[in-house]
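# Residue-level structure breakdown
Residue strings, one per chain:
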Amino acid sequence: MLPRGRPRALGAAALLLLLLIGFFLLGGDPECERLEPDGRAGDLGCPRCPLTPRVPSDGRLRGASALHGDPLAGHWDHNRSACDPWPQLPPKCELLHVAIVCAGHNSSREVITLVKSLLFYRKNPLHLHLVTDAVARNILETLFRTWMVPALGVSFYHAEQLKPQISWIPNKHYSGLYGLMKLVLPGILPPGLARVIVLDTDVTFASDIAELWALFAHFSDKQVIGLVENQSDWYLGNLWKNHRPWPALGRGFNTGVILLWLDRLRQVGWEQMWKLTAQRELLTLAATSLADQDIFNAVIKEHPELVQPLPCVWNVQLSDHTRAEHCYSEAADLKVIHWNSPKKVRVKNKHAGFFRNFYLTFLGYDGNLLRRELFGCPSQTLPEAEQLQRALAQLDEEDACFEFRQQQLTVHRVHITFLPHKPPPPRPHDITLVAQLSMDRLQMLEALCRHWPGPMSLALYLTDAEAQQFLHFVEASPVLSARQDVAYHVVYREGPLYPVNQLRNVALAQALTPYVFLSDIDFLPAYSLYDYLRASIEQLELGSRRKAALVVPAFETLRYRFTFPSSKAELLALLDSGLLYTFRYHEWPQGHAPTDYARWREAQAPYRVQWAADYEPYVVVPRDCPRYDPRFVGFGWNKVAHIVELDAQEFELLVLPEAFTIHLPHAPSLDISRFRSSSTYRDCLQALKEEFHQDLSRRYGAAALKYLTALQQPRSPA
């Protein structure tokens with residue numbers, strides 16, 4: 001839901017973990033603590049503080065490595081009487097710029113965890129400059145549009161357009177061409193942008209990014225790049241026999257966190273500089289091993305005056321051969337954790353478990369809590385956000401239906417294609433199964449994948465923590481992990497009622513085939529249904545020639561164990577023996593009675609049925625069919641309203657003679673329990689129905705009278 005101007009509290013579990021982490025990391029002598037300019041305690045005057053390493057006139061790097069006897073480096077500069085004063089933080093309303101290269105489904109998930117950590121600590125407006133491929137852009141545009149975080153701007157840049165500038169560079173790094181794109185940032189970011197912080201997607205912040213931005217003040221007139229020393233022996237060339245790295249200054253620098261002074265880089269001719277250096281080194285080196293990092297280091301080796309070394313705490317590197325312990329054993333306050341290993345958080349080193357818990361805190365942290373305003377800073381509110389704020393302000397909290405009204409206005413964060421997804425090849429009569437579910441229905445997914453071999457688009461209503469459980473669930477399932485044509489879209493939970501039609505609309509909007517089968521997650525289609533539906537669409541000449549909704553008759557079993565019928569004949573036998581029933585015939589007969597099951601038993605060809613009040617069949621329709629009415633949340637009338645809309649738009653209802661789907665038993669949802677036990681709940685649903693019919697009358701005029709008449713007839717409760 002849109003924030004209403006008040007900050008939100010940190011969840012108790014996350015707060016406890018962060019406090020424990022802080023207790024571990026803030027290990028400086030209390031005698032050395034003093035107040036920094038922003039009023040926080042610090043120990044920069046102590047011998048243990050991570051002083052900024054300098055590049056002396058001889059060009060040799062002096063840094064943390066020398067503290068532990070590295071013969072190729074110098075020492076920490078302790079010759080001054082005290083540490084440099086704490087950098088003056090930028091004004092709280094100064095806009096800070098961050099650039100990130102992000103490509104693919106997995107990288108899109110990583111960047112969200114990074115952004116959560118940025119937002120958690122930030123006190124300044126931020127603008128993200130995201131270099132993305134088409135997949136990541138589609139995901140992240142939807143996510144940030146629905147996240148609606150105040151004082152957060154986002155710009156996108158097409159990675160495909162940058163590939164020609166770097167594709168000539170052989171690269172053995174697992175990031176591929178995307179790992180080289182930071183080299184071209186000065187040329188693609190807006191000309192008026194003077195400074196930017198560049199981040200890898202696999203870093204997690206443990207501090208306010210404004211503190212990192214403040215380190216620009218340490219740059220000399222000639223320095224254009226701020227980097228942390230590499231915390232491994234990679235560039236020393238002694239990791240294994242015949243290891244030949246690219247040239248670097250001492251241990252070199254890691255490019256997971258970079259401060260770029262863009263206008264200075266343009267002035268010194270950065271583009272020509274790095275290209276000439278790369279061309280020269282590639283005469284004797286076959287390819288880059290660490291992508292852009294190799295080229296950055298080769299340039300710095302030749303032009304050491306360009307670099308401003310940063311304190312090690314701003315890029316604590318947890319690679320396979322890390323020496324990061326030499327940093328955090330000396331430092332009192334770590335700032336950025338960097339999982340710079342192909343194994344990411346699964347890397348095995350001495351303290352990886354501890355840092356992993358810090359990362360997992362943000363991975364499962366409720367992103368809704370980060371929709372907090374920056375008080376005292378002017379920010380331009382999007383028109384949609386202003387409209388929603390006005391609508392929320394007009395709600396009456398004393399209204400008995402306040403929960404329903406509030407849930408209708410809630411803007412849920414949406415992460416489309418949460419897992420890697422390969423769309424099916426285009427086929428003229430192809431069908432996507434569309435459904436929605438919550439965490440308590442995950443067990444249905446494997447069976448559904450066995451029954452439906454075609455593409456699926458599923459919306460899952462989850463918390464941030466549940467989304468990670470779902471990810472592990474799919475990875476551990478041989479059935480689910482083998483399916484690349486199932487698109488999972490996470491809609492993050494917020495509010496007391498299940499937004500069933502909003503979820504359906506998310507899944508429907510992401511379907512890529514010409515037709516969709518609008519189903520529910522607790523139904524299993526006939527094994528042959530996918531092929532049968534495609535053949536039926538072709539035979540009935542649907543599409544431009546015929547506007548129809550194909551009805552798939554619905555049945556149910558009350559048994560948790562039963563043999564699924566392989567044909568209509570087997571289904572009729574189960575029906576006659578009492579092991580199957582027509583769906584909800586004993587609770588809500590009008591929901592499916594118009595399907596005319598008696599006629600279906602004998603039917604050999606599709607037959608047309610008429611709309612009737614409360615009819616809610618499962619149907620196959622074109623992908624551009626009317627969307628579900630999002631006002632219907634929780635339980636009741638959500639599918640009914642959609643069938644009304646189809647009828648109002650003159651869709652034929654054609655029942656297919658060989659099609660069927662079967663509902664499996666499960667515990668009732670919380671919303672259906674509330675519907676059955678609360679008269680207020682039922683009264684609110686009735687009010688929503690009346691509002692729906694009023695809207696129908698405005699859209700369809702006199703043609704909508706039959707729906708209003710049907711509503712006024714007495715009906716048994718659902």
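To start, this report covers the structure provided alongside it. Note that the structure is a prediction, hence the values are computed from the model and not measured.

Below, the discussion takes up helix H18 (residues 500–509). Along H18, nine of the 10 residues are buried, which leaves the element largely enclosed by surrounding structure. Of the positions making up H18, those classed as buried are Val500, Asn501, Gln502, Leu503, Arg504, Asn505, Val506, Ala507 and Leu508.

This next bit is on the packing of helix H3 (residues 104–121) against helix H4 (residues 134–147). Interaxial distance between H3 and H4 falls to 9 Å at its minimum, and their mutual angle equals 35°. Along this stretch, H3 crosses H4, giving a crossing that reads as right-handed. Contacts between H3 and H4 involve Gly104, His105, Ser108, Val111, Ile112, Val115, Lys116 and Leu119 from the first element and Val135, Ala136, Ile139, Leu140, Leu143, Phe144 and Trp147 from the second. By residue class, the composition of the contact of H3 with H4 is 11 nonpolar, three polar and one charged.

What follows deals with the state of the cysteines. Per the stated rule, a full pass over the model turns up three disulfides. Residue pairing for Cys93: its cysteine sulfur links by disulfide to Cys377, the two sulfurs lying 2.2 Å apart. Across the S-S bond of Cys93 and Cys377 the torsion is about -95°, and the bridge reads as left-handed. Separated by 284 residues along the polypeptide, Cys93 in the loop between helix H2 (64–67) and strand S3 (96–102) and Cys377 in the loop between helix H12 (352–363) and helix H13 (383–393) bring together distant segments of the chain. Note on Cys93: relative accessible area 32%, which makes it partly exposed. The exposure class assigned to Cys377 is buried, which follows from its relative accessible area of 12%. In this model, Cys312 is linked to Cys327 through a disulfide, with the two sulfur atoms separated by 2.0 Å. On the sign convention where negative is left-handed, the bridge of Cys312 and Cys327, at about 85° about the S-S bond, is right-handed.

On inspection of all chains with the given rule, the structure shows 34 aromatic pairs. Taking 6.4 Å as the distance between ring centres and 40° as the angle between the ring planes, the aromatic pair formed by Phe418 and Phe470 counts as tilted. Pair noted here: Phe418 is in the loop between strand S13 (414–415) and strand S14 (431–438) and Phe470 is in helix H16 (residues 464–476), with a separation of 52 residues, a long-range link. A relative accessible area of 1% places Phe418 in the buried class. Taken together, the ring pairs connect Phe120, Tyr121, Phe358, Phe362 and Tyr365 into an aromatic cluster. Positioned over the ring face of Trp261 is Arg195, at 5.5 Å from the centre of the ring. If you follow Lys568 out to its NZ or CZ, it ends over the ring of Trp600, 4.3 Å from the centre.

So, how was this worked out
Residues numbered from 1 in each chain as written. Predicted model: local features only at pLDDT ≥ 70, side-chain atom pairs only at ≥ 80, totals over all residues. Heavy atoms only, no water. Buried < 20%, exposed > 50% of the residue type's maximum accessible area, 1.4 Å probe, protein only. Helix = DSSP H or I, 4+ residues; strand = E, 2+ residues; numbered from the N terminus. Axes fitted to C-alpha atoms, helices over the stretch in contact; angles between N-to-C directions. Left-handed = near helix turned anticlockwise from the far one by under 90°. Contact = heavy atoms within 4.5 Å. Nonpolar A, V, L, I, M, F, W, Y, C, P; charged D, E, K, R; others polar. Disulfide = S-S within 2.5 Å. Phe/Tyr/Trp six-rings, centres within 6.5 Å; stacked < 30°, edge-to-face > 60°. Lys NZ or Arg CZ within 6 Å of the ring centre and 35° of its normal.

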